[in-house]
Amino acid sequence: MTELIKRTAADTAAAIASGEVSAVEVAQAHLDRIDAVDKKVNAFLHVDTEGALSAARAVDEKRAKGEKLGPLAGVPLALKDVFTTKGVPTTCGSKILEGWIPPYDATLTTRLKDAGVVILGKTNMDEFAMGSSTENSAYGPTGNPWDLSRIPGGSGGGSAAALAAYQAPLAIGTDTGGSIRQPGAVTGTVGVKPTYGAVSRYGLIAFSSSLDQGGPCARTVLDTALLHEAIAGYDPLDSTSINAPVPAVVEAAKRGEVRGMRIGVVKEFAGEGYQAGVMQRFNESVELLRELGAEIVEVSCPSFTLALPAYYLIAPSEASSNLARFDAMRYGLRVGDDGTRSAEDVTALTREAGFGAEVKRRIILGTYALSSGYYDAYYGSAQKVRTLISRDFDAAFAGVDVLISPTTPTTAFPIGERADDPMAMYLADLCTIPSNLAGNAAMSLPCGLAPEDNLPVGLQIIAPAMADDRLYRVGGAVEAALNDKWGHPLLEEAPAL
Amino acid sequence: MSVISLVSYEDALASYDPVMGLEVHVELGTKTKMFCGCSTELGAEPNSQTCPTCLGLPGSLPVVNAIGVESAIKIGLALNCEIAEWCRFARKNYFYPDMPKNFQTSQYDEPIAFNGYLDVQLEDGSTFRVEIERAHMEEDTGKSSHIGGATGRIHGASHSLLDYNRAGIPLIEIVTKPIEGAGERAPEVAKAYVAELRELIKALDVSEARMDKGQMRCDVNLSLRPHGREKFGTRSETKNVNSLRSVERAARFEIRRHATVLDEGGTIIQETRHFHEEDGSTTAGRIKDNAEDYRYFPEPDLVPIAPARDWVEELRAGLPELPRVRRARLQGEWGLSDKDMQSVLNAGAVQPILDTIAAGTNAEQARKWWMGEVARNANETGTELSEQPITPAQVARIAALVAEGKLNDKLAKQVIAAVLAGEGEPDAVIEARGLAVVSDDSALGAAVDQAIAENGAIADKIRDGKIAAVGALVGAVMKTTRGQADAAKVKDLILAKLGVEA
Amino acid sequence: MPGITREEVAHLARLSRLELQAEELDHFAEQLDVIIGAVARVSEVAGQDVPPTSHPLPLTNVMRADVVRPSLTPEQALSGAPAVEEQRFRVPQILGEG
Ligand SMILES: [Zn+2]
């Protein structure tokens, strides 16, 4: 069975389509794997054994009838618990939603089901996607399969860990400030934050509406592209959805060559706070791209230094409003309703009991930033910074096709190290946040292990909005060259669980 | 504060100058809610017209109803507003159980329509211009019923039950600029404004604007300042005043209450107040302290609205005839003086008259009966003209019978009274009461002969050309026929018998 | 740019309906003071003549036709409710009005 779980999604789909293996066998192999390792990893909050097997059976039946299968039919997937799933618990990593069973599917969930993708279950995450370590989950932290005492990144640590632990070949994340890319980087997997508006947010439990973007995660660039194509596209239920064709990402991943491309290295993403081994692998990647025929250009984006402060005003502000609906009236937790307390008191007691510390901190911070008297100085200014950052990107993309940087300044840090030091935690998203603020597309893929700790380092590629295909072109080229150099994918070097 | 201790309205106005602000919420008559596809039909089972979006379920998103925007623009145009080139929705953040997201999706500093005015006509026929600050789009809340307290009131209730069918129904909030200079007529201006706005909304066909069904709700903000002072006083906000009469009464009450407080050297507290239909008073609600902070910010789940100028112009060109214009046209068509038209308006008789004309009567007859017998009944019973238990078709039938000579005016009045009294259709009333005009020529001829014989001197005068004297003979004939004759016909007969050309 | 006091944090917690414990309040006040000190840097641009960006994509006029879509059934709508009575969401007594 080890063999089945180590296959790529593309290979698995082909094997199912050809009849070499059934979708049920594939699903069962992954369910068994989850059973075997998830006590250690804690990647899943809910495993939907019945749902997965019945979806797999449907694919097998379809094949038996001679119907054409989609490119990912029968491939198992780990779904971040931030997307609603009809009839399947959805908690968003929070106590306040414990036991909530949504009466509707997110558009993304529907698309996965329509594609014949087998949803194995819901993955662990920082509560309401607020965090960079998955330690903020109300259901315990997830371990990094490379070293279970270290964080798998966040907020989508469960999805990334599930990939790295071979519990699923595909996973879904959401990226508000780096929650797909940073977990990808620290677990040696691939993750893409598509252009804002590319993947429907309908059914994505909002953290920060103007920054949140669902996206694909996998172990290879091609698998990521296949999943990207399955979930992206216009959705009339999301007013911020892009009504335009999805860029040809699968074709770009297959093509995977960079000859003649101009690639910019952002000079601001370096210096103090960047781990030496991370910079070493990054610099090697730059050289590799040069060798592959790309022209490397240094670019400067001076406003990026204000990205982190702007992000920590905009995201909490929107979150303070988005999370107001968790009031103990219509769904979720209700605490303290003893018949004498008022609705106001019950709401306040429930939110106190149901939200974790980071969520409360951000709600208060956001409430502060939106308060009259502070709005202009904080929220208003943060939105101006957003404009400046977009201008920096525009200027850079006028001269280059993509930008590259390390995905995150350091490799995976130990669980607990930054848990009560919000500012230190926030630094994990230093390189990823500008793309969320500007709404463009970005990928993280493995580019080696840091020599000092033997932990994965991520290379970030950033493309202009609507040019997501460029990520896959560059990512495909880097991946192929590195696998050649190493003789195997990086994940093979991870210790067995 | 008891009503008895209030200073009189006249005394209040002698010392102070009222400044008003009116905020009217209109529920649009769209088929679906403002941000989701749930039906807005009234009378559905509780919570049967809800979806993830209007229940505020985690993950749900809003999408703007195009007709909601179109209606807002139409209202803006009809109110002579500028239409924003670009505007956004904003979130108004506050917790309340009837609001599923705990923020209301509204508009803040970028309303879709702004800087307009509405000319309203007062009872004496003069015009008062009410300046419009803005009209913006937002959504309604759910409905709560309070259980366990007295008569469904919130105070003393043990718990509440929530139905979100109404949550998300489109609302347009129309806000006036401070209305100054109305003086003692402020309450009348308030009522006339809301009445005119209601007519306008109905004419635009964007809402039925039924105040009794909560489709149109008015908040009356009022403050007083001593005569000659420019600075506004502290205002009170009387919420949900839901009939035209109540708007006037609420304004009147608040003027007296404010004056009483100020006269006693007190200060007005900025607070919301509740209006009480029973005695026309208001009582204190929530104090508006500074803790209230709605933390407005642009709604990130919706993109800006930028109404194309050609669309706006198209909507402008398609606006129906507005109430003021229509009234002027009808006045011309009906040939009424300003004073007569104003009486028709004050009596609320425009629509009944139009409906009666549509049922086959001429304008003069329709107006005559509605403004006569029916209006009298409305006055006596203190009810609206439109609520009288007689239909335009019935009035039209009576007018037709008069035109045919089968009823005279006197009889017609009796028929109307009988219909109003619930005695049935006009024809049935005539039948049952035997009210038909005496039209039998021989019987009438005998009555005429008798009258001429008994009034020889008058008959001579008529023969000599004093035709005006014929009235006396007609009266005599009517007396003998107990009124059941057609006066015009009697007159013709008398003149014919006396050989005089009319 | 000034930081934040414990009283302000308490006020903000009330505004956002969080019944914070005393020690939590102390801790948050301290942390938020640091965070606000760090993020306040954005106000460097407050005076600059730069248009604010509220939406990452330059979309406008996204609207839907006024056509009824199926609602949830009342059972589905109420399925997550902590308490139900008469096909309505049952909530504790509500103080005052909104
Ligand atoms: Zn709805």
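1. Examining the overall build of chain C
Counting its secondary structure elements, chain C contains three helices and three strands. Counting from the amino terminus, helix and strand elements in chain C follow one another as α-α-β-α-β-β. Principal-axis analysis of the C-alpha atoms places the extent of chain C at approximately 50 × 45 × 25 Å. Taking the contacts inside chain C whose residues are at least 6 apart along the sequence as the reference set, 26% of them involve residues at least 24 apart. Approximately 5000 Å² of chain C is accessible, and the part contributed by carbon and sulfur atoms is 53%. With 8 positive and 15 negative side-chain charges, chain C shows a spacing of 9 Å between the two charge centroids.

2. Details of the packing of aromatic side chains
Using the criterion set out here, one finds 21 aromatic pairs over all chains in the structure. Pairing A:Phe128 with A:Phe355 gives two aromatic rings, centres 5.9 Å apart and planes at 75°, and the pair type is edge-to-face. Within this pair, whereas A:Phe128 is found in the loop between β3 (118-123) and α6 (157-164), its partner A:Phe355 is found in the loop between α12 (343-354) and α13 (357-370), the two being separated by 227 residues in sequence. Look at B:Phe35 and B:Phe89: their rings are 5.4 Å apart centre to centre, the planes differ by 80°, and that puts the pair in the edge-to-face class. Residue B:Phe35 is found in the loop between β1 (16-27) and β2 (64-65), and its partner B:Phe89 is found in the loop between β3 (82-83) and β4 (90-93); the two are separated by 54 residues along the sequence.

3. Let's talk about the interface of chain A and chain C
On the chain C side, the residues contacting the 66 residues of chain A number 57 residues. Note on chain A versus chain C: buried area summed over both sides is about 5100 Å², and carbon and sulfur give 67% of it. Linking chain A to chain C there are one salt bridge. For the salt bridge of C:Glu24 with A:Lys360, the shortest nitrogen-to-oxygen distance reads 2.6 Å. Applying the counting rule to chain A against chain C returns 18 residue pairs in polar contact (both at pLDDT 80 or more). Elements that contribute at least two residues to the side of chain A that touches chain C include exactly α11 (307-322), α12, α13, α14 (376-399), α15 (422-426) and α16 (433-438) of chain A. Per-element accounting of the side of chain A that touches chain C gives the leading share, 11 residues, to α14(A).

4. Quick notes on the sheet that holds strand β15 (residues 297-298) of chain B
Residue and element names in this part refer to chain B. The three strands lie next to each other as β5-β4-β15, forming an open sheet whose pairing is antiparallel. The open sheet has two edge strands with one neighbour each: β5 (103-106) and β15. Of the pairings in the sheet, the one linking β4 to β5 comprises four bridges and is antiparallel in character. By the bridge assignment for β5, Arg 91 is matched with Thr 105.

5. What about the confidence of the model for chain C?
Across chain C, the average pLDDT comes to 92, with 95% of residues at or above 70. Across the interface, the model reports ipTM at 0.97; the global pTM reads 0.90.

6. So, a negative patch on the surface
The grouping of B:Glu10, B:Asp11, B:Glu184, B:Asp263 and B:Glu264 at the surface amounts to a negative patch. Note that B:Glu10 resides in helix α1 (residues 9-15).

7. Structural notes on the environment of A:Ala129
Residues and elements named next belong to chain A. In this fold, Ala 129 is placed in the loop between β3 and α6. The class of Ala 129 is buried, set by a relative accessible area of 5%. When the C-alpha atoms of Ala 129 and Glu 492 are compared, they prove to be 29 Å apart, with 363 residues separating the residues in sequence. Ala 129 has contacts with Lys 80, Ser 155, Ser 179 and Phe 207, leaving out every residue within four places of it along the chain.

8. Examining the pattern of salt bridges
Scanning the model with the defined rule gives 61 salt bridges over all chains in all. With a shortest N-O distance of 3.5 Å, A:Glu257 and A:Arg255 are connected by a salt bridge. For A:Glu257, a relative accessible area of 30% puts it in the partly exposed group. Its salt-bridge partner being B:Arg463, residue B:Asp460 comes within 3.0 Å of it at the nearest N-O pair. Here the residue B:Asp460 and the residue B:Arg463 both occupy positions in helix α14 (residues 456-463), the gap between them amounting to three residues, near one helical turn. Assessed through its relative accessible area of 40%, B:Asp460 is described here as partly exposed. A relative accessible area of 43% means that B:Arg463 is categorised as partly exposed. One network of salt bridges, in which partners are shared, links A:Arg201, A:Asp238, B:Arg91, B:Glu299 and B:Asp301.

9. Let's talk about helix α13 (residues 441-454) of chain B
Residue and element names in this part refer to chain B. Across its 14 residues, α13 extends 20 Å between first and last C-alpha, which sits within 8% of the 20 Å expected from 1.5 Å per residue. Three or more residues of α13 are buried, namely Leu 444, Gly 445, Ala 447, Val 448, Ala 451 and Ile 452. Viewed end-on, α13 has its buried residues packed into an arc of 165°, placing them on one side of the element. In this structure, α13 carries Ser 442, Ala 453 and Glu 454 as exposed residues pointing more than 90 degrees from its buried face. On its buried face, α13 sits against α14, α15 (470-480) and α16 (487-497).

10. Examining unusual backbone geometry
Following A:Gly154, the chain continues to A:Ser155 via a peptide bond in cis, the omega torsion being 10°. Note on placement: A:Ser155 falls in the loop between β3 and α6. One non-glycine residue with positive phi stands out, namely B:Asn80, at about 60°. Relative to the helices and strands, B:Asn80 is located in the loop between α2 (66-78) and β3. The class for B:Asn80 is partly exposed, based on a relative accessible area of 34%.

11. Brief notes about α6(A)
Residue and element names in this part refer to chain A. Most of α6 sits inside the fold, with eight of its eight residues counted as buried. Every buried residue of α6 is listed here: Gly 157, Gly 158, Ser 159, Ala 160, Ala 161, Ala 162, Leu 163 and Ala 164. Phi for Tyr 166, located one or two positions after α6, is positive at around 55°.

12. Observations concerning the coordination of the zinc ion
The zinc ion binds to the protein through B:Cys36 (SG), B:Cys38 (SG), B:Cys51 (SG) and B:Cys54 (SG), with metal-donor distances spanning 2.3 to 2.4 Å. Here the zinc ion is ringed by four donor atoms whose angles at the metal span 102 to 116°, and the overall shape comes out tetrahedral.

13. Quick look at the interface of chain B and chain A
The figure often quoted for interface size is the accessible area lost as the parts come together. Tallying the contact residues gives 30 residues for chain B and 38 residues for chain A. With both chains or domains summed, chain B and chain A bury close to 2600 Å², and 57% of this area falls on carbon and sulfur atoms. In terms of surface lost to chain A, no three residues of chain B exceed B:Pro58, B:Leu61 and B:Arg295, which account for 23% of the buried area on that side. At the junction of chain B and chain A, the tally comes to one salt bridge. A salt bridge links B:Asp301 to A:Arg201, with the shortest nitrogen-to-oxygen separation between them at 3.0 Å. If you look at where chain B meets chain A, you find 17 residue pairs in polar contact (both at pLDDT 80 or more). Residue composition of the side of chain B that touches chain A, grouped by class: 19 nonpolar, six polar and five charged.

14. Thoughts on the nonpolar core
Among the nonpolar cores identified, the biggest contains 160 residues, and A:Leu112, A:Phe128 and A:Tyr472 are the most heavily contacted of them. Look past the residues within four positions of A:Phe128 in its chain and what remains in contact with it is A:Cys92, A:Ser94, A:Ile96, A:Leu97, A:Ile205, A:Phe207, A:Leu323, A:Phe326, A:Phe355 and A:Val359. Residues B:Val24, B:Ala84, B:Cys87 and B:Val241 belong to the second largest nonpolar core, which totals 70 residues.

Procedures and definitions
- Residues numbered from 1 in each chain as written.
- Chains lettered and ligands numbered in written order.
- Predicted model: local features only at pLDDT ≥ 70, side-chain atom pairs only at ≥ 80, totals over all residues.
- Heavy atoms only, no water.
- Helix = DSSP H or I, 4+ residues; strand = E, 2+ residues; numbered from the N terminus.
- Contact = heavy atoms within 4.5 Å.
- Areas by Shrake-Rupley, 256 points an atom, 1.4 Å probe, with all protein chains shown as cover.
- Lys, Arg positive; Asp, Glu negative; His and termini not counted.
- Charge placed at Lys NZ, Arg CZ, Asp CG, Glu CD.
- Phe/Tyr/Trp six-rings, centres within 6.5 Å; stacked < 30°, edge-to-face > 60°.
- Buried area = accessible area lost by both parts, 1.4 Å probe.
- Salt bridge = Lys/Arg side-chain N within 4 Å of Asp/Glu carboxyl O.
- Polar contact = N/O pair within 3.5 Å; in protein donor to acceptor, adjacent residues only side chain to side chain.
- Pairing = 2+ DSSP bridges.
- pLDDT = per-residue confidence, 0-100.
- Patch = residues over 30% accessible without salt bridge, like charges linked within 9 Å, V, L, I, M, F, W, Y side chains within 5 Å.
- Buried < 20%, exposed > 50% of the residue type's maximum accessible area, 1.4 Å probe, protein only.
- Expected span 1.5 Å × (residues − 1).
- Arc of directions from axis to C-beta.
- Donors = N, O, S within 2.8 Å, 3.2 Å for Na, K, Ca; no water.
- Tetrahedral: all angles 85-135°; square planar, octahedral: opposite > 155°, others 65-115°.
- Nonpolar A, V, L, I, M, F, W, Y, C, P; charged D, E, K, R; others polar.
- Core = buried A, V, L, I, M, F, W, Y, C linked by side-chain atoms within 4.5 Å.

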